[in-house]
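# Structure assessment
Take a look at the letters that make up each chain.
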Amino acid sequence: MRIDPGQLRTELTLQVMTPQSDGAGGHAEQWNDVASVWALVEPAAARDRFGADQRLPELTHRVTIRFRGDVRGGMRFAWGGRTLVIRTAHDPDETGRFLLCRTEEEGR
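## Focus: the overall build of the protein
When its secondary structure is counted, the protein shows zero helices and six strands. Counting helices and strands in the order they occur from the N terminus, the protein gives β-β-β-β-β-β. Within the protein, buried positions represent 29% of all 108 residues. Contacts in the protein between residues far apart in sequence, at least 24 positions, make up 49% of those at least 6 positions apart. Accessible surface, the protein as shown: approximately 6,800 Å² in total, 45% of it carbon and sulfur. Across the protein, the centroid of the 15 positively charged side chains sits 5 Å from that of the 16 negatively charged ones.

## Topic: unusual backbone geometry
Backbone geometry at Glu94 places phi at a positive 55°, although glycine is not the residue there. For Glu94, the position within the fold is in the loop between β5 (82-90) and β6 (98-106). Exposure remark for Glu94: the relative accessible area of 71% places this residue in the exposed category.

Calculation rules
Residues numbered from 1 in each chain as written. Predicted model: local features only at pLDDT ≥ 70, side-chain atom pairs only at ≥ 80, totals over all residues. Heavy atoms only, no water. Helix = DSSP H or I, 4+ residues; strand = E, 2+ residues; numbered from the N terminus. Buried < 20%, exposed > 50% of the residue type's maximum accessible area, 1.4 Å probe, protein only. Contact = heavy atoms within 4.5 Å. Areas by Shrake-Rupley, 256 points an atom, 1.4 Å probe, with all protein chains shown as cover. Lys, Arg positive; Asp, Glu negative; His and termini not counted. Charge placed at Lys NZ, Arg CZ, Asp CG, Glu CD.

Now the structure itself:
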């Protein structure tokens, strides 16, 4: 995989969810910032799913960042007013240089 590091021009905030007890046996989600990272964000697909008499849009992106060992599925990137939930994260050429995250945009 050849990536010019100069393409990592979009600043994203990596976030992790920390469950907070609600006192009734459940929890509320609290998202905490882990790091600010520079990324290459590429739209991958946009499609509509239909179900239960409603249209559900689905937008996916490929996000490439410098390698970090702490990125996992279920974390997310905050980008302006947008949220990209990480579905998978892997080292595409297993060199420890970059991390390719497949994401799904929430709320669009």
